[in-house]
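Tertiary structure, described
Next come the chains, spelled out residue by residue.
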Amino acid sequence: AQTVTQSQPEMSVQEAETVTLSCTYDTSESNYYLFWYKQPPSRQMILVIRQEAYKQQNATENRFSVNFQKAAKSFSLKISDSQLGDTAMYFCAFMKHIYVDEKLTFGTGTRLTIIP
Amino acid sequence: NAGVTQTPKFRVLKTGQSMTLLCAQDMNHEYMYWYRQDPGMGLRLIHYSVGEGTTAKGEVPDGYNVSRLKKQNFLLGLESAAPSQTSVYFCASSTEREGNNEQFFGPGTRLTVL
């Protein structure tokens, strides 16, 4: 079974700073997907960024980027120029390759607070 | 499009009562899921469905039943609620298309069992 570990229960940074959230995972699969989801106080789960394991290039979405280290099974999220709206719970999640298993396995989350 | 909707948004039950949570999606997605979220834990999969008329157990299925009679709806039932089922429940859906496997989530249902 896959496991996803987020070792930082809480983090806080000043507005406009850069912050990195950590995620490690354990799997015997060679092809899979990794995700970061954001859950603001509204409780809505929002996809932030997605990485396919067979792609060596790190995914980027505007101010959000990942550092994917496949050999180390590490998948960190970097938020640049942080904004007050980035305050939320962030969950790292793992999925086996499509058509094999569509289920998401989530980490326990990191509560991120952006300080004005 | 409304996306994924959940009914109700809040509910309080007494131990032993039954209820059904309704999830509906208007994106013609094949796959649907029910998760629960508890404090200090990520979302855990209860049951899921890969198509109309099919269901399968997830990580924490005990005490729950599901049905997918129509492609757009996925029902989660609690036959005899227990305090351990106090949680926030999320429904999600996704398509089977390669390279487009994002799961879209509903707004959640907060359930309290007294």
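The structure contained in this document is the topic of the report that follows. In this text the structure is predicted, and so the values were computed from the model without any measurement.

**A few points about the sheet that holds strand 3 (residues 19-25) of chain B**
All names here are of chain B.
- Taken in spatial order, the four strands make up an open sheet running 1-3-8-7, and their pairing is antiparallel. In the strand order of this sheet, the two ends are held by strand 1 (4-7) and strand 7 (65-67), each with one partner. The mean angle between the axes of side-by-side strands here comes to 20°, regardless of whether they run parallel or antiparallel.
- Bridge count between strand 3 and strand 8 (residues 73-78): six bridges; the pairing is antiparallel. Of the residues in strand 8, the one forming a bridge with L21 is L76.

**Structural notes on the state of the cysteines**
- Going through the model one piece at a time under the given rule, you end up with two disulfides over all chains.
- Across a sulfur-sulfur distance of 2.0 Å, A:C23 and A:C92 are joined as a disulfide pair. A torsion of -70° about the S-S bond marks the disulfide between A:C23 and A:C92 as left-handed. Of this pair, A:C23 sits in the loop between strand 3 (19-21) and strand 4 (24-26) while A:C92 sits in strand 10 (residues 88-96), placing them 69 residues apart in sequence.
- Of the residues examined, A:C23 reaches a relative accessible area of 1% and is grouped as buried.
- With a relative accessible area of 0%, A:C92 lands in the buried category.
- Two residues, B:C23 and B:C91, share a disulfide whose sulfurs are 1.8 Å apart. Given an S-S torsion of about -75°, the disulfide between B:C23 and B:C91 has left-handed geometry. In this pair, B:C23 is assigned in strand 3 and B:C91 in strand 9 (residues 87-94), connecting sequence segments 68 residues apart.
- Overall, B:C23 belongs to the buried group, its relative accessible area being 0%.

**Considerations on the environment of A:G109**
Residues and elements named next belong to chain A.
- Following the sequence through the fold, G109 ends up in the loop between strand 11 (104-106) and strand 12 (110-115).
- When its relative accessible area of 4% is taken as the criterion, G109 is described as buried.
- Between the C-alpha atom of G109 and that of C23, which follows or precedes it by 86 residues, the distance is 9.2 Å.
- Residue contacts for G109: discarding those within four places in its chain leaves Q6, Q8, P9, M89, Y90 and F91.

**Section: the packing of aromatic side chains**
- By the definition in use, this model includes 15 aromatic pairs over all chains.
- For the ring pair A:Y37 and A:F106, a centre distance of 6.0 Å and an interplane angle of 55° mean the geometry is tilted. Linking A:Y37 in strand 5 (residues 32-39) with A:F106 in strand 11, this pair joins segments that are 69 residues apart in sequence. When sorted by exposure, A:Y37 lands in the same class as A:F106, which is buried.
- On the numbers, 5.4 Å between centres and 80° between planes, the contact of A:Y37 with B:F105 is edge-to-face. Here A:Y37 is found in strand 5, whereas its partner B:F105 is found in strand 10 (residues 104-105) on a different chain. Take A:Y37 and B:F105: they sit in the same class, and that class is buried.
- Among the aromatic residues, those joined into a ring-pair cluster are A:Y33, A:F35, A:Y37, A:F91, A:F106, B:Y33, B:Y35 and B:F105.

Procedures and definitions
- Residues numbered from 1 in each chain as written.
- Chains lettered and ligands numbered in written order.
- Predicted model: local features only at pLDDT ≥ 70, side-chain atom pairs only at ≥ 80, totals over all residues.
- Heavy atoms only, no water.
- Pairing = 2+ DSSP bridges.
- Helix = DSSP H or I, 4+ residues; strand = E, 2+ residues; numbered from the N terminus.
- Axes fitted to C-alpha atoms, helices over the stretch in contact; angles between N-to-C directions.
- Disulfide = S-S within 2.5 Å.
- Buried < 20%, exposed > 50% of the residue type's maximum accessible area, 1.4 Å probe, protein only.
- Contact = heavy atoms within 4.5 Å.
- Phe/Tyr/Trp six-rings, centres within 6.5 Å; stacked < 30°, edge-to-face > 60°.

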